[in-house]
Amino acid sequence: VARHDATEKKSGENSLRIDLDLKERHALYVYTLIEPEDWSPIGALSFWWYGDRVGLVTLELLSLAEGTSYRLTFEDDWQGWREVRLPLAEATPVGDPSWKAIRGLALQFQSLPASGTVRLDDLRLHPQTSPGQGVGGVDDMEAERKSAG
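Please read these numbers as outputs of a predicted model, since none were measured by experiment.

## Re the pairing of strand 9 (residues 102-109)
And then number 1: Within strand 9, seven of the eight residues are buried, which leaves it mostly tucked inside the rest of the structure.
And then number 2: For strand 3 (residues 28-37) and strand 9, the ladder comprises six bridges, and the chain directions are antiparallel. Of the residues in strand 9, the one forming a bridge with Leu-28 is Gln-108.
And then number 3: Bridge analysis of strand 5 (residues 55-63) against strand 9 gives seven bridges, and the strand direction is antiparallel.

So this is what it looks like as structure tokens:
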């Protein structure tokens, strides 16, 4: 179950709370962008993750063509907030995706059984030329894009 949560957040008003109780399959949570976006100048993706030791998590960047994506993974082996930074150069392509047409994000939880509560907040995109500065993001995990001023 995924929902906005104002009680535990890293910044802003909300985080995305995902309650897990997985016994036989991995869960999938999808966030769809209003319009496909060109991520070709992006070097990395970062976000704050409230871990609950749920194991291997796959972040899938969905491309416009059905069934195509880029996959990045990280191990949730901690409790509490931690910033996760994933270089896009380390992404594994599935099918024939295009960085010029990213249409959404999906989270998959690979380690079973998995139970607990995780949270995602302050998603940021970082350009290839300036790794320390975000170019935009989804603050408070709301449904709209906001630019980093």
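## Focus on empty space enclosed by the protein
And then number 1: Here the structure, examined in full by the defined rule, presents two cavities of 30 Å³ or more.
And then number 2: Approximately 70 Å³ is the volume attributed to the largest cavity.
And then number 3: Considering the residues around the largest cavity, the lining is formed by eleven residues, among which Tyr-31, Leu-59, Leu-105, Leu-107 and Leu-120 are closest to the centre.
And then number 4: Broken down by secondary-structure element, the contributors of at least two residues to the lining of the largest cavity are strand 3, strand 9 and strand 10 (114-127).
And then number 5: Considering each element in turn, the lining of the largest cavity owes the most residues, three residues, to strand 9.
And then number 6: Across the lining of the largest cavity, the residue classes tally to eleven nonpolar, no polar and no charged.

## As for the sheet that holds strand 9
And then number 1: Overall, antiparallel pairing links the five strands, which are arranged 3-9-5-6-8 in an open sheet. A single partner strand is all that each edge strand has here, and the edge strands are strand 3 and strand 8 (92-94). The sheet shows a mean angle of 25° between the axes of neighbouring strands, taken without regard to direction.

## So, the nonpolar core
The nonpolar side chains of a soluble globular protein tend to be buried with one another.
And then number 1: Counting residues in each nonpolar core, the largest one holds 32 residues, and the members touching the most others are Trp-39, Leu-45, Phe-47, Trp-49, Leu-61 and Phe-109.
And then number 2: Broken down by secondary-structure element, the contributors of at least two residues to this core are strand 2 (15-22), strand 3, strand 4 (42-52), strand 5, strand 6 (69-76), strand 7 (79-87), strand 9 and strand 10.
And then number 3: Take this core: its biggest share by element is five residues, from strand 10.
And then number 4: Every residue in contact with Leu-61, bar those within four places of it in the chain, is listed here: Trp-39, Leu-45, Ser-69, Tyr-70, Leu-72, Leu-88, Trp-99, Ile-102, Gly-104 and Leu-105.

## Examining the packing of aromatic side chains
And then number 1: In total, this model carries seven aromatic pairs according to the counting rule given.
And then number 2: For the pair Trp-49 and Phe-74, a centre-to-centre distance of 5.2 Å together with 80° between the ring planes defines the contact as edge-to-face. One end of the pair, Trp-49, is in strand 4; the other, Phe-74, is in strand 6, with 25 residues separating them in the sequence. There is no split in this pair, since Trp-49 and Phe-74 are both buried.
And then number 3: Pairing Tyr-50 with Trp-81 gives two aromatic rings, centres 5.4 Å apart and planes at 80°, and the pair type is edge-to-face. Of the two residues, Tyr-50 sits in strand 4 while Trp-81 sits in strand 7, which places them 31 residues apart along the sequence.
And then number 4: Relative accessible area serves as the criterion here: at 18%, Tyr-50 is assigned to the buried category.
And then number 5: Following the ring pairs from residue to residue traces out a cluster consisting of Phe-47, Trp-49, Phe-74, Trp-78 and Phe-109.
And then number 6: Sitting over the face of the ring of Tyr-50, Arg-119 holds its NZ or CZ atom 5.3 Å from the ring centroid.

Rules of the game
- Residues numbered from 1 in each chain as written.
- Predicted model: local features only at pLDDT ≥ 70, side-chain atom pairs only at ≥ 80, totals over all residues.
- Heavy atoms only, no water.
- Buried < 20%, exposed > 50% of the residue type's maximum accessible area, 1.4 Å probe, protein only.
- Helix = DSSP H or I, 4+ residues; strand = E, 2+ residues; numbered from the N terminus.
- Pairing = 2+ DSSP bridges.
- 1 Å grid on protein atoms, 1.4 Å probe; cavity = no way out; pocket = protein on both sides within 12 Å on 5 of 7 lines; lining within 4 Å.
- Points joined across faces, edges and corners; volume = space filled by probe spheres on them.
- Nonpolar A, V, L, I, M, F, W, Y, C, P; charged D, E, K, R; others polar.
- Axes fitted to C-alpha atoms, helices over the stretch in contact; angles between N-to-C directions.
- Core = buried A, V, L, I, M, F, W, Y, C linked by side-chain atoms within 4.5 Å.
- Contact = heavy atoms within 4.5 Å.
- Phe/Tyr/Trp six-rings, centres within 6.5 Å; stacked < 30°, edge-to-face > 60°.
- Lys NZ or Arg CZ within 6 Å of the ring centre and 35° of its normal.

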